[in-house]
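Descriptive analysis of the structure
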Amino acid sequence: MRNFTTVHDVPDLDKLLDKALKVKKDPFATSGLGKHRTLGMIFLNPSLRTRMSTQKAAQNLGMNVISMNIDQDGWALELNDGTPMNGKTVEHVREAAAVMGEYCDILAIRCFPNLKNKDEDYGEQILIKFMKYCKKPIISLESATLHPLQSMADLITIKEHSSTRKPKVVLSWAPHIKPLPQAVPNSFAEWMNRSDVEFVITHPEGYELHEDYVKHASVTHDQDAALKDADFVYVKNWSSFSDYGKILSKDESWLINNKKLELTNDAKVMHCLPVRRGIELSDEILDGPSSLVVHQAANRVFAAQTVLTEILEHNFNPNGTAKNF
Amino acid sequence: MRNFTTVHDVPDLDKLLDKALKVKKDPFATSGLGKHRTLGMIFLNPSLRTRMSTQKAAQNLGMNVISMNIDQDGWALELNDGTPMNGKTVEHVREAAAVMGEYCDILAIRCFPNLKNKDEDYGEQILIKFMKYCKKPIISLESATLHPLQSMADLITIKEHSSTRKPKVVLSWAPHIKPLPQAVPNSFAEWMNRSDVEFVITHPEGYELHEDYVKHASVTHDQDAALKDADFVYVKNWSSFSDYGKILSKDESWLINNKKLELTNDAKVMHCLPVRRGIELSDEILDGPSSLVVHQAANRVFAAQTVLTEILEHNFNPNGTAKNF
Amino acid sequence: MRNFTTVHDVPDLDKLLDKALKVKKDPFATSGLGKHRTLGMIFLNPSLRTRMSTQKAAQNLGMNVISMNIDQDGWALELNDGTPMNGKTVEHVREAAAVMGEYCDILAIRCFPNLKNKDEDYGEQILIKFMKYCKKPIISLESATLHPLQSMADLITIKEHSSTRKPKVVLSWAPHIKPLPQAVPNSFAEWMNRSDVEFVITHPEGYELHEDYVKHASVTHDQDAALKDADFVYVKNWSSFSDYGKILSKDESWLINNKKLELTNDAKVMHCLPVRRGIELSDEILDGPSSLVVHQAANRVFAAQTVLTEILEHNFNPNGTAKNF
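Anyway, here's the lowdown on the structure attached to this text.

Criteria and thresholds
- Residues numbered from 1 in each chain as written.
- Chains lettered and ligands numbered in written order.
- Predicted model: local features only at pLDDT ≥ 70, side-chain atom pairs only at ≥ 80, totals over all residues.
- Heavy atoms only, no water.
- Helix = DSSP H or I, 4+ residues; strand = E, 2+ residues; numbered from the N terminus.
- Rg over C-alpha atoms; globule rule 2.2 N^0.38 Å.
- Buried < 20%, exposed > 50% of the residue type's maximum accessible area, 1.4 Å probe, protein only.
- Contact = heavy atoms within 4.5 Å.
- Areas by Shrake-Rupley, 256 points an atom, 1.4 Å probe, with all protein chains shown as cover.
- Lys, Arg positive; Asp, Glu negative; His and termini not counted.
- Charge placed at Lys NZ, Arg CZ, Asp CG, Glu CD.
- Buried area = accessible area lost by both parts, 1.4 Å probe.
- Salt bridge = Lys/Arg side-chain N within 4 Å of Asp/Glu carboxyl O.
- Polar contact = N/O pair within 3.5 Å; in protein donor to acceptor, adjacent residues only side chain to side chain.
- Nonpolar A, V, L, I, M, F, W, Y, C, P; charged D, E, K, R; others polar.
- Least-squares fit on C-alpha atoms with pLDDT ≥ 70 in both.

Remarks on the overall build of chain A
In terms of helices and strands, chain A carries twelve helices and eleven strands. For 325 residues, the compact-globule estimate of 2.2 N^0.38 gives 20 Å, and chain A sits close to it at 20 Å. Across its three principal directions, the C-alpha atoms of chain A cover 55 × 50 × 30 Å. Sorting the 325 residues of chain A into buried and exposed places 63% on the buried side. Long-range pairs, those at least 24 residues apart, make up 78% of the contacts in chain A between residues at least 6 apart in sequence. For chain A, the exposed surface amounts to about 12,300 Å²; the carbon and sulfur share of it is 47%. Taking the average location of the 38 positive side-chain charges in chain A and that of its 42 negative ones, the two points are 5 Å from each other.

Notes on the interface of chain B and chain C
Facing 27 residues of chain B, the contacting portion of chain C comprises 28 residues. Around 2,500 Å² of area is buried between chain B and chain C when both sides are counted, 64% of it from carbon and sulfur atoms. For the pair chain B and chain C, the interface holds three salt bridges. Where chain B meets chain C, there are ten residue pairs in polar contact (both at pLDDT 80 or more). Elements with a minimum of two residues in the side of chain B that touches chain C: α2 (49-60), α11 (283-286) and α12 (293-315) of chain B.

What to know about the interface of chain A and chain B
Taken together, the contacts link 28 residues of chain A with 28 residues of chain B. Buried surface at the junction of chain A and chain B, summed over both partners, amounts to about 2,500 Å²; 64% is from carbon and sulfur atoms. Area buried by chain A at its contact with chain B is led by L48, M52 and R277 of chain A, which between them contribute 28% of it. Residues D287 of chain A and R94 of chain B are paired through a salt bridge, measuring 3.1 Å at the closest nitrogen-oxygen approach. Contributions of two or more residues to the side of chain A that touches chain B are made by α2 (49-60), α11 (283-286) and α12 (293-315) of chain A. The biggest single contributor to the side of chain A that touches chain B is α2 of chain A, with seven residues. Split by residue class, the side of chain A that touches chain B holds 14 nonpolar, six polar and eight charged.

Topic: the relation of the copies chain A and chain B
Mapping chain A onto chain B leaves a residual RMSD of 0.0 Å; the transformation is a rotation of 120 degrees accompanied by 0.0 Å of translation along its axis. Between the two chains, the operation in question is that of a three-fold axis.

A short note on unusual backbone geometry
The linkage connecting L273 of chain B with the following residue, P274 of chain B, adopts the cis geometry, with an omega of 0 degrees. As for its position among the elements, P274 of chain B is in the loop between β11 (268-270) and α11. The residue L115 of chain C is not glycine, and still its phi comes out positive at about 65 degrees. On the secondary structure map, L115 of chain C appears in the loop between β5 (106-110) and α4 (118-123). In this model, K215 of chain C sits at a positive phi of 45 degrees, which is unusual for a non-glycine residue. Following the sequence through the fold, K215 of chain C ends up in the loop between α8 (211-214) and β9 (218-220).

Treat this as a map of the structure, not an account of what it does.
This is how it looks when you write it as structure tokens:
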């Protein structure tokens, strides 16, 4: 594995998950693997879980970590080629990425969509251009359209808490007061579609996700039907993809509470956090025995550590030299 | 010792101070104690001394450090239970604390009072809720009402510079242009009341501190009487507790200068910093031989390192597993 | 070497450069030199390359790094003596520097000019007062008037890419939309004047640099004449020194492109970055074979690591105690 920006970067998903469970059992077993290696974490957007869990993962491997906050105001990057930079952008991604690549062995990047221009967001220019110009392995810490470390942690959590061979997993839209990216649901769908689960997506009309991620999942506007016999319910808000970035519904009946859980097979409830209590999920669920949200967050460390381990093993020689740059 | 948020968390103060002096003599004697342990430092307010000294202390013990700035704007935490989060708060402390507790072995938190609502501030909800939900030892890096690492460093400094068995220590209010918290004087009073010193507090009328911290200290509005034969003068501004958060006086005659020091027993002068020169303390004192302010700041490292050592020794097994979580 | 704030701090430039090339060949050869030593990095201004490369350099030596952002708003430092601090400044540099000196073994500081008051900027009060009060070695991470780590990296780059014994090096002014400091050109001139090169400076009228830095360099307003037979062209904008901080020209004919390079001896083109493409330098040069800009940035690590090595070796005993504080 060279980069980690989508499930398609993973050659063997089962093997990666087995490795993650081994890493979780003994996080310091390979604490020398990252010696003299530097992880650069570039944040174009704020982050709490991602920042802390990825830094922890790198330190468990003995890596050095350099974090940089690049505000879109304070250090705006130019993405377009050939236009004179006489505006607000102060550095072109060609130079910025190349330089950071010189200082770091692996780069991890966080960038959000603006939710205004669909083509721009789904074009993932920041991520793609960093991959092109930095010449080092790239890890997505959430991009405009995907959040693979979250989805990997989610899948680890499902594995750990699943009692059936092929669980029914439901991704259920939830209301929110702000328009949120589609990155988490897109990504979760991608990973579920690669896993041996029965995968159902339910949301109000107008909230259809991009078909590339939905693929062969069942989609329904009938939440109750979706919840029936579910083993896992993944709750998440997202803004509309077709009417791009818009809030089309705040229908409170989509909020999952204990009553709705009765429809399920005693389902576990998941959310990537941060969660707005009483808006996206009821207090009774978050404080009750069916919630897995803290387990998911905890597994972010082991997802990141496993990905870093894979990249270190496949791209660097034990003596510290890079294999293929 | 499980948490460190007040002097009442310290079972044996003399023993803790002896340990601190030993740590100061050889700060790297136990540089492997914190191996594979992570200290999370959470800042809800800016910090210079506290941030640097605590990070230094943790690194002296071989710990990893993860720092997070949580602005009250950028990542506002919800503290109330049961209210739908349809406002500015983006994450409930229940989730935030639980997740940070998963990533870190010890959490250190900095949060200030707003000085508007006395009950809210003195309720210490942020600290208490982090303690409740994070499931890991908590260190206060200054809370709404107390600043125990500062007071511990102050007491170490007094020990080092005291030539008498039972020194006279005077906490003397000073003017300031802004309303400041009562955390430092409250905390200093708490620690002095546990120490073998003659403790006097002097301030203008209306600046009485909460009786829980004053306890059996002498209190007087006559600064000159208080200063008489003092061995240590701790200078500090605070806003009114009774007329909560208000500035009742800017009386310049409270500023300590060399003339006032003549009343004392050649007293050493202390301040927690930052200090406004010419407002809180005269230049002649800060630049003269009686000032201990840089010694106090230097001792912040050894206070923090001793507390971390105590918590590591009592809550984690040598093989790295937690003892009692 | 005790401090590193100008080329005049370097006793033997050739020796320093030889050391830098050795460090670059094997950056981890002395990875234990900085054990238990702490580098404090103080940023009064934002930084990307400097922050990342200096942190990397320190970590290569096994040092701990503590970074502090001191915004001029959030934590304004008082520089003047004797004035009551009843305004916006919250801490005097005397205390701030002394305290940081207690926490760190080496302090590295970044501060920019305001470009409004020439005497204030060229007085370098922040740097000078930190040196006076912190009692520890000081490294400039760019000051109001100089940027020695950049110049040292530039000189390493020239050494590596020079095929003649005494190359012709041209510093060529470039247009920009904002008024920029003179620190990089001043510093580059200082270092070139100490090196065995033919050094020419070219700029429009009114952009004369301070004579202390220009010294025995040839200066011309005729860019074409300057470029003739050049081996290296260092492109950089700066604002006027005489009409202090002003933009006097945006003359696009000063932009270096491939056509202009034909005048040179197949010159390599340099820039300290960030660069505004199409304004300061043409895309064709930045994307072509003559550009050294990423090499320069990469060498920032080895410049910083060599300086840290020198300071550690000359100021600290192997057992970890300071030699001369």
